[in-house]
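Fold and geometry: a report
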Amino acid sequence: MNESNSGQTTHIYHDLETERLDLFLVHCLPDFSRSRIQKFIKSGHVSVDHQICRKTGYLLNKDMIVSVQVPPPEPSKLAPEDIPINILYEDKNLMVINKPAGMVVHPSAGHSTGTLVQAALAHSPEIEGVGGVQRPGVVHRLDKNTSGIILLAKNDQTHRWLQDQFRNRKVEKKYLALVDGHPPTPTGQIEASIGRDIRDRKKMAIVQEEKGRQAISDYQIIERFQNHSLLEVHPITGRTHQIRLHMAFIHCPIVGDTTYGKRHSSIPLSRHFLHAGHLRIHLNKEVNTNTFSAPLPKELENVLDGLRKY
């Protein structure tokens, strides 16, 4: 059982063998590091069977109830930055932006400036606070080195509407990915659960079903080269690093992905070859769906041109 209410989550420990409280919560709260979870415990934000527990190594027994009151994030003072952004579409409710590779969506550890959110704040100050002060306007995310379409909401109503579309899987997203090798079939579906990598909290991993969240990706081979394949990938779910992990899972890692693929890229490239080129969605109060497209960046086109000549 996993319930959430006003920042509180409740979990029941089902295993017969005992397990440390902090390790159990690492699996239950994949968005937080073990050290952050230990701070929650030590600061009295965790209870076991309705009693506050401040011992990180407390051993859980079967059917114990663990509740976590996640403290609110510290207020963030985001400063707008006058950074050019490629806006594909804009109205009073949202912006559709073609994000370049190398740009982080919102500030995080090690990336306090130069983010898409800060650039958007300079362009449209009204997004401040929409959906929360930490990530104003953000409905979904793209990895730093993934380029392509991303939506930002300009008001809370639109933010909720767009989030519902993503949550209910009513958004069609298609990516172009160049991978090493060739998938086993021209088209296919990959279903493999994703969770936090317990050995490296900065990474995600393919995990057992009960340890992660369901993740499904469809793919189709668009073009086949001697040692590579160009794929169109349609993620059914939207887990962190999903496409990158799923491609590595079928032994066809994305070119340039040195985190989940080859340590040294098979093709000289300063980014990974993954581009969010197509997005179809219902906008608020509109009957028909809206389709947005972003052209493949020049550096990726050059890679394909080189492979075709070869």
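Quick look at the structure, then. What you are looking at is a predicted structure, and each value in this text was computed from that prediction instead of being measured. (Residues numbered from 1 in each chain as written. Predicted model: local features only at pLDDT ≥ 70, side-chain atom pairs only at ≥ 80, totals over all residues. Heavy atoms only, no water.)

**Topic: the pattern of salt bridges**
Proximity of charged atoms lets side chains of opposite charge pair with each other. Quick note on the threshold: Throughout this description, the term salt bridge denotes a Lys or Arg side-chain nitrogen within 4 Å of a carboxyl oxygen of Asp or Glu. By the criteria applied, helices consist of DSSP H or I runs no shorter than four residues and strands consist of E runs no shorter than two, each listed in order from the N terminus. Only protein chains enter the accessibility calculation, which uses a 1.4 Å probe; a residue is then buried when its area is under 20% of its type maximum, exposed when over 50%, and partly exposed in between.
In this structure the tally under the stated criterion is 13 salt bridges. Aspartate 143 is the salt-bridge partner of arginine 244, the closest N and O atoms lying 2.9 Å from each other. Taken together, the positions of arginine 244 in helix H5 (residues 242–249) and aspartate 143 in the loop between helix H3 (116–123) and strand S10 (147–153) put the pair 101 residues apart, joining distant regions of the chain. One salt bridge in this structure joins arginine 167 and aspartate 164, with 2.5 Å as the shortest N-O distance. Taken together, the residues arginine 167 and aspartate 164, both in helix H4 (residues 156–167) and three residues apart, mark about one turn of the helix. Residue arginine 167 is classed as exposed on the basis of its relative accessible area of 54%. Note on aspartate 164: relative accessible area 33%, which makes it partly exposed.

**Thoughts on helix H2 (residues 34–42)**
Convention followed: Here the arc refers to the directions that run from the helix axis out to each C-beta atom.
Buried within H2 we find Ile37, Phe40 and Ile41. Buried residues along H2 cover an arc of 100 degrees about the axis, so they all sit on one side. Exposed side of H2, more than 90 degrees from the buried face: Lys39 and Lys42 are the residues found there. One or two residues past the end of H2 sits glycine 44, with phi positive at roughly 85 degrees.

**Structural notes on the nonpolar core**
Nonpolar side chains tend toward joint burial in soluble globular proteins. Note the following rule: The set of buried Ala, Val, Leu, Ile, Met, Phe, Trp, Tyr and Cys residues whose side-chain atoms join them within 4.5 Å is what this entry labels a nonpolar core. Here, two residues are considered to be in contact whenever any of their heavy atoms come within 4.5 Å of each other.
Core analysis: the largest hydrophobic core is formed by 40 residues, its most contacted members being Leu178, Ile243, Met247, Ile254, Phe273, Val303 and Leu304. Every element with two or more residues in this core is listed here: strand S9 (94–99), H3, S10, strand S11 (172–180), strand S16 (228–235), H5, strand S17 (274–282) and helix H6 (298–309). Once residues within four sequence positions are removed from consideration, isoleucine 254 is found in contact with Ala177, Leu178, Val179, Ile243, Arg244, Met247, His272, Phe273 and Leu274. Counting 19 residues, the second-largest nonpolar core is a separate cluster that includes Cys28, Ile37, Phe40 and Ile41.

**A few points about H6**
In plain terms, the rule: Expected helix span is computed as 1.5 Å times (number of residues minus one).
Here H6 contains 12 residues, and its C-alpha end-to-end distance of 16 Å stays within 8% of the 16 Å for a straight helix at 1.5 Å per residue. Within H6, the full set of buried residues consists of Leu300, Val303, Leu304 and Leu307. On an axial view of H6, the arc spanned by its buried residues comes to 95 degrees, and they lie on one face. Away from its buried face, by an angle of more than 90 degrees, H6 presents the exposed residues Lys298 and Lys309. Residues of H6 that are buried in the fold lie against S10, S11, S16 and S17.

**A closer look at the pairing of S17**
Rules: Two strands pair if DSSP finds at least two bridges between them.
Taken across its nine residues, S17 has seven buried, putting it largely inside the fold. Where S10 lies against S17, two bridges are found, and the strand directions are parallel. Across the sheet, the residue bridging to serine 147 is histidine 275, located in S17. Relative to S17, S11 runs antiparallel, the two being bridged by six bridges. What sits directly across from glutamate 172, in S17, is arginine 280. Note that S17 and strand S18 (residues 289–293) share five bridges and pair antiparallel.

**A few points about the packing of helix H1 (residues 21–28) against H2**
We apply this condition: Between N-to-C directions, angles span 0 to 180 degrees; the directions come from axes that are lines fitted to C-alpha atoms, helices contributing only their stretch in contact. Reported orientations rely on four angle classes, namely roughly parallel under 35 degrees, roughly antiparallel over 145, roughly perpendicular from 65 to 115, and oblique for the rest. Each helix crossing is assigned a hand: it is left-handed if the near helix lies turned anticlockwise from the far helix by less than a right angle, otherwise right-handed if that turn is clockwise. All residues other than Ala, Val, Leu, Ile, Met, Phe, Trp, Tyr, Cys, Pro, Asp, Glu, Lys and Arg, Gly among them, are scored as polar; the first ten of these are nonpolar and the last four charged.
Close contact between H1 and H2 brings their axes to 9 Å; oriented N to C, the two are set at 120 degrees. What the angle tells us is that H1 and H2 run oblique. Like other packed secondary-structure pairs, H1 and H2 cross with a definite hand, here right-handed. Residues Leu21, Asp22, Leu23, Leu25 and Val26 of H1 touch H2, and the partners they reach there are Arg34, Ile37, Gln38 and Ile41. Across the contact of H1 with H2, the residue classes break down as six nonpolar, one polar and two charged.

**A closer look at unusual backbone geometry**
With phi around 75 degrees, aspartate 63 is a residue other than glycine that occupies positive phi space. Relative to the helices and strands, aspartate 63 is located in the loop between strand S6 (59–60) and strand S7 (65–69). Phi angles above zero are rare outside glycine, and arginine 169 is one such case at about 60 degrees. One can find arginine 169 in the loop between H4 and S11. Relative accessible area serves as the criterion here: at 41%, arginine 169 is assigned to the partly exposed category.

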